[in-house]
Number of protein chains: 2
Amino acid sequence: MQIISRDKVIYRFSPANPPVATVSPGEEFWVETRDCYSGQIKSAKDLRPHIDTSIMNAATGPIAIAGARPGDVLCVEIREIELAGYGIMPTNPGLGPLGERITAADTKIIPIEGGFAHFSPAIRLPLAPMVGVLGVAPPDGKIPCVTPGDHGANMDTTDIKAGSRVYLPVFVPGANLAVADLHACMGDGELSGTGIEIAGRVRLAAMLVSGLALAGPVVETEAAFLVVASGPEFRETARTAIARAADLIGKALAAPFPDAYRLVSAACDLKISQIVNPLLTVRVAIPKYLMPRLV
Amino acid sequence: MQIISRDKVIYRFSPANPPVATVSPGEEFWVETRDCYSGQIKSAKDLRPHIDTSIMNAATGPIAIAGARPGDVLCVEIREIELAGYGIMPTNPGLGPLGERITAADTKIIPIEGGFAHFSPAIRLPLAPMVGVLGVAPPDGKIPCVTPGDHGANMDTTDIKAGSRVYLPVFVPGANLAVADLHACMGDGELSGTGIEIAGRVRLAAMLVSGLALAGPVVETEAAFLVVASGPEFRETARTAIARAADLIGKALAAPFPDAYRLVSAACDLKISQIVNPLLTVRVAIPKYLMPRLV
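Keep in mind that what you see is a predicted model, and the values were worked out from it rather than measured. (Residues numbered from 1 in each chain as written. Chains lettered and ligands numbered in written order. Predicted model: local features only at pLDDT ≥ 70, side-chain atom pairs only at ≥ 80, totals over all residues. Heavy atoms only, no water.)

### Some details on the packing of helix H1 (residues 234–253) of chain B against helix H2 (residues 257–267) of chain B
Packed helices, taken two at a time, are described by their axes: the angle between them and the distance between them.
All names here are of chain B.
Okay, step 1: Where H1 meets H2, the axes come as close as 8 Å, and the angle between the chain directions of the two elements is 115 degrees. As H1 runs across H2, the sense of the crossing is right-handed. Counting all contacts with H1, which are made through Ile242, Ala245, Ala246, Ile249, Gly250 and Leu253, the residues of H2 involved are Phe257, Ala260, Leu263 and Val264.
Okay, step 2: By residue class, the composition of the contact of H1 with H2 is 9 nonpolar, 1 polar and no charged. (Axes fitted to C-alpha atoms, helices over the stretch in contact; angles between N-to-C directions. Helix = DSSP H or I, 4+ residues; strand = E, 2+ residues; numbered from the N terminus. Left-handed = near helix turned anticlockwise from the far one by under 90°. Contact = heavy atoms within 4.5 Å. Nonpolar A, V, L, I, M, F, W, Y, C, P; charged D, E, K, R; others polar.)

Okay, here's the thing in structure tokens:
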């Protein structure tokens with residue numbers, strides 16, 4: 001099985017990045033990932049103000065999927081997530097929505113063992129491993145890996161976990177997938193600016209889907225399809241996700257717009273993915289009992 | 001058992017409203033509620049532009065809780081929700097975040113039967129009955145029932161359902177509880193501007209808790225405590241809920257602020273309640289494995 005090394009990274013998603021590996025549709029492969037600080041924080045003495053933030057969220061890849069063409073949809077199946085032995089939660093003044101209440105930089109190292117993140121001797125959190133960064137090359141430009149968008153990237157969406165699928169529009173030949181930024185666990189919102197940041201590796205397979213027209217990412221879990229949108233401002237970003245969800249429902253159920261809109265309201269949840277990246281990310285969960293298949 | 005009639009309603013939460021009934025702490029009682037249109041929409045011919053919106057969200061009450069004093073916390077336990085036989089989903093141009101795509105007013109009547117809302121012959125939604133409006137008299141002013149706030153009211157929070165408890169600060173002697181606006185089901189966000197709006201009745205008991213200092217509503221479910229905040233703008237409202245959640249966790253676990261902030265980020269979800277009322281409402285879910293009791 002191919003193992004894509006964490007030595008091969010990009011700092012920006014761009015059509016200009018040459019692929020470092022090629023996989024066939026359906027082929028299983030491992031992607032090793034750095035933690036979001038690119039391994040610069042190894043102990044409680046390594047503080048966030050001392051690190052080089054220009055290499056944060058370095059994403060392993062890009063990985064070409066043989067035969068992928070612009071206009072296809074890439075379906076990335078997350079088969080397994082393996083975590084390193086410890087995670088990291090640095091804080092510093094100004095980080096996150098309550099950052100003004102942090103008076104000094106401070107790094108916490110959190111051992112991972114027996115299914116738990118051992119936050120302190122008295123407090124342990126159940127692991128909920130997830131992938132923070134997963135994206136494809138955008139049609140143009142150079143988008144820092146820290147920034148989410150319609151090409152995916154730093155969506156920090158807790159549903160991107162083992163057993164889930166991520167659907168992404170393909171903008172360039174090969175799609176050029178890159179992956180980074182695992183979390184041992186994270187609440188919706190990533191409210192202090194970090195999850196439990198951790199290195200690791202992810203077992204994936206990527207399939208090509210034709211006949212789907214997606215404007216941006218959709219995540220599939222056992223129970224729902226989640227329409228993901230990112231933007232600078234909450235209401236407009238929510239509106240994008242709601243409109244895309246209503247249009248998917250309308251198409252799947254052959255429902256006129258007012259009924260699709262009502263069904264979004266009665267049965268779908270607007271959820272927060274993260275509010276701490278350069279663009280915020282939300283998602284609308286369409287339950288599968290309402291829409292069993294993506295159309 | 002006392003049954004508080006839906007003939008006895010308020011249109012604004014205010015300390016000036018005299019109570020229409022008094023219950024003892026722990027006493028079980030029923031509150032009958034109108035649908036949010038005060039029963040003005042009875043068929044598909046009754047369109048939203050024709051109704052008197054000044055009597056929307058009429059809340060049954062106020063109900064005094066004997067012995068409640070300013071500074072106490074009221075704990076309202078939702079024991080049972082009974083729904084009427086049909087729900088209502090009107091739309092009209094301009095309603096909700098995609099309201100510009102609605103070209104004509106249109107009312108949908110949705111039969112409720114056998115545990116489902118029968119949206120159409122082909123589409124049925126599982127019932128998830130919830131209470132949209134539940135609040136106490138604020139310390140001053142007259143706040144329309146449609147507007148949520150630290151006194152509760154139109155929080156449109158899906159966790160306010162049978163089996164849950166709502167904790168509210170008491171601002172006036174007797175607390176003066178009022179209840180309205182049931183939904184047969186609703187997704188987080190209330191994204192078209194309505195849930196499946198419905199009349200019904202709610203079986204409640206209200207207890208008094210001393211020694212708690214709450215600035216605003218907290219909802220308790222089987223799995224979590226949810227800190228609710230409402231405001232005009234998303235980021236600032238989220239910040240209020242996050243700060244209150246971090247302070248509760250810090251107090252419960254005797255954790256310094258940076259650790260409480262990390263725990264909010266690693267284990268708590270920022271969730272959307274509604275984005276369609278005069279103020280939007282969010283909540284932060286603190287899992288009970290982290291904080292078993294409200295302190």
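### A closer look at the domain arrangement of chain A
All names here are of chain A.
Okay, step 1: One can read the domain layout of chain A as domain 1 (2–214) and domain 2 (219–287).
Okay, step 2: Listed by partner, the interface residues are 25 residues for domain 1 and 19 residues for domain 2.
Okay, step 3: Between domain 1 and domain 2, a total of about 1700 Å² is buried, with carbon and sulfur atoms accounting for 54% of that surface.
Okay, step 4: Here domain 1 and domain 2 share 4 salt bridges between them.
Okay, step 5: Run the count over domain 1 and domain 2 and you get 11 residue pairs in polar contact (both at pLDDT 80 or more).
Okay, step 6: It is strand E15 (residues 165–169) that contributes the most residues to the side of domain 1 that touches domain 2, 3 residues altogether.
Okay, step 7: Residues belonging to the side of domain 1 that touches domain 2 are distributed by class as follows: 9 nonpolar, 10 polar and 6 charged. (Domains from an automatic or database assignment. Buried area = accessible area lost by both parts, 1.4 Å probe. Salt bridge = Lys/Arg side-chain N within 4 Å of Asp/Glu carboxyl O. Polar contact = N/O pair within 3.5 Å; in protein donor to acceptor, adjacent residues only side chain to side chain.)

### Digging into helix H2 (residues 257–267) of chain A
Okay, step 1: Within H2 of chain A, 10 of the 11 residues are buried, which leaves the element mostly enclosed by the surrounding structure.
Okay, step 2: Along H2 of chain A, the residues that are buried comprise Phe257, Asp259, Ala260, Tyr261, Arg262, Leu263, Val264, Ser265, Ala266 and Ala267 of chain A.
Okay, step 3: On its buried side, H2 of chain A packs onto helix H1 (234–253), strand E21 (269–274) and strand E22 (280–287) of chain A together with strand E8 (86–91), strand E9 (106–113) and strand E11 (124–126) of chain B. (Buried < 20%, exposed > 50% of the residue type's maximum accessible area, 1.4 Å probe, protein only.)

### Brief notes about the nonpolar core
Okay, step 1: Phe234 of chain A together with Phe234 of chain B are the most contacted members of the largest nonpolar core, which totals 164 residues.
Okay, step 2: Aside from chain neighbours lying at most four places away, what touches Phe234 of chain A is Leu270, Ile272, Leu280 and Val282 of chain A together with Phe234, Ile272, Ile275 and Leu280 of chain B. (Core = buried A, V, L, I, M, F, W, Y, C linked by side-chain atoms within 4.5 Å.)

### Looking at the packing of aromatic side chains
Residue and element names in this part refer to chain A.
Okay, step 1: Considering all chains together, one arrives at 3 aromatic pairs over all chains under this definition.
Okay, step 2: Between the aromatic rings of Phe257 and Tyr261, the centroid separation amounts to 5.3 Å while the plane-to-plane angle is 20 degrees, which identifies the pairing as stacked. Taken as a pair, Phe257 and Tyr261 lie in helix H2 at a separation of 4 residues, close to a single helical turn. Grouping residues by exposure puts Phe257 and Tyr261 together as buried.
Okay, step 3: Positioned over the ring face of Phe225 is Lys288, at 5.3 Å from the centre of the ring. (Phe/Tyr/Trp six-rings, centres within 6.5 Å; stacked < 30°, edge-to-face > 60°. Lys NZ or Arg CZ within 6 Å of the ring centre and 35° of its normal.)

### Description of the pairing of strand E22 (residues 280–287) of chain B
All names here are of chain B.
Okay, step 1: Burial runs high along E22: 8 of the 8 residues are buried.
Okay, step 2: What you see with E22 is no split at all: Leu280, Val282, Val284 and Ile286 on one side and Thr281, Arg283, Ala285 and Pro287 on the other are buried throughout.
Okay, step 3: As paired elements, strand E20 (residues 224–231) and E22 share 8 bridges and run antiparallel to each other. In the strand pairing of E22, Ala229 is matched with Val282.
Okay, step 4: Of the strand pairs in this sheet, strand E21 (residues 269–274) and E22 are connected by 5 bridges, and their pairing is antiparallel. Residue pairing across strands places Leu270 opposite Val284, the latter belonging to E22.
Okay, step 5: Linking two consecutive strands that pair antiparallel, namely E21 and E22, is a turn of 5 residues. (Pairing = 2+ DSSP bridges.)

### Let's talk about unusual backbone geometry
Phi is mostly negative for residues that are not glycine, and the peptide bonds are mostly trans.
Okay, step 1: Omega for the bond connecting Gly61 of chain A with Pro62 of chain A falls within 30 degrees of zero, at 0 degrees, which places this linkage in the cis form.
Okay, step 2: Relative to the assigned elements, Pro62 of chain A resides in strand E6 (residues 59–65).
Okay, step 3: A positive phi angle, near 45 degrees, is found at Asp156 of chain B, a position not held by glycine.
Okay, step 4: Position of Asp156 of chain B relative to the elements: it lies in the loop between strand E14 (152–154) and strand E15 (165–169).
Okay, step 5: Of note in the backbone geometry, Asp181 of chain B takes a positive phi value of approximately 65 degrees without being a glycine.
Okay, step 6: Within the fold, Asp181 of chain B resides in strand E16 (residues 177–183).
Okay, step 7: Overall, the relative accessible area of 2% leaves Asp181 of chain B in the buried class.

### Some thoughts on the relation of the copies chain A and chain B
Okay, step 1: Least-squares fitting of chain A to chain B yields an RMSD of 0.0 Å, with the superposition described by an axial translation of 0.0 Å and a rotation of 180 degrees. The superposition operator between the copies reduces to a two-fold rotation axis.
Okay, step 2: When the interface residues of chain A are mapped onto chain B, 100% of them are again interface residues, pointing to one common binding face. (Least-squares fit on C-alpha atoms with pLDDT ≥ 70 in both.)

### Here we look at H1 of chain A
Residue and element names in this part refer to chain A.
Okay, step 1: Taking 1.5 Å of rise per residue, 20 residues should cover 28 Å, and H1 covers 28 Å from first to last C-alpha, within 8% of that figure.
Okay, step 2: Turning to H1, its buried residues number three or more, namely Phe234, Thr237, Ala238, Ala241, Ile242, Ala243, Ala245, Ala246, Leu248, Ile249 and Gly250.
Okay, step 3: Where H1 starts, the residue carrying a side-chain oxygen 3.2 Å from the main-chain nitrogen of Arg235 turns out to be Glu233.
Okay, step 4: Two residues or fewer past H1, Ala254 is found with a positive phi of approximately 50 degrees. (Expected span 1.5 Å × (residues − 1).)

### Here we look at the pairing of strand E12 (residues 130–135) of chain A
All names here are of chain A.
Okay, step 1: Counting buried residues along E12, 6 of its 6 residues qualify, which places the element largely inside the surrounding structure.
Okay, step 2: The sheet contact formed by E12 and strand E16 (residues 177–183) spans 5 bridges and is antiparallel. Across the sheet, the residue bridging to Leu134 is Val179, located in E16.
Okay, step 3: Bridging between E12 and strand E14 (residues 152–154) involves 3 bridges; their strand directions are antiparallel. For Val133, the partnering residue across the bridge sits in E14 and is Asn154.

### Let's talk about the interface of chain A and chain B
Okay, step 1: Taken together, the 55 residues of chain A in the interface contact 55 residues of chain B.
Okay, step 2: Approximately 4800 Å² of surface area, both sides summed, lies buried where chain A meets chain B, with 64% of it carried by carbon and sulfur atoms.
Okay, step 3: Counting every contact that joins chain A to chain B gives 8 salt bridges.
Okay, step 4: We note a salt bridge from Asp247 of chain A to Arg101 of chain B, for which the minimum N-O separation is 2.7 Å.
Okay, step 5: Applying the counting rule to chain A against chain B returns 38 residue pairs in polar contact (both at pLDDT 80 or more).
Okay, step 6: Mapped onto the side of chain A that touches chain B, the elements with two or more residues apiece are strand E8 (86–91), strand E9 (106–113), strand E11 (124–126), H1, H2 and E21 of chain A.
Okay, step 7: Element by element, the count of residues in the side of chain A that touches chain B is highest for H2 of chain A, at 10 residues.

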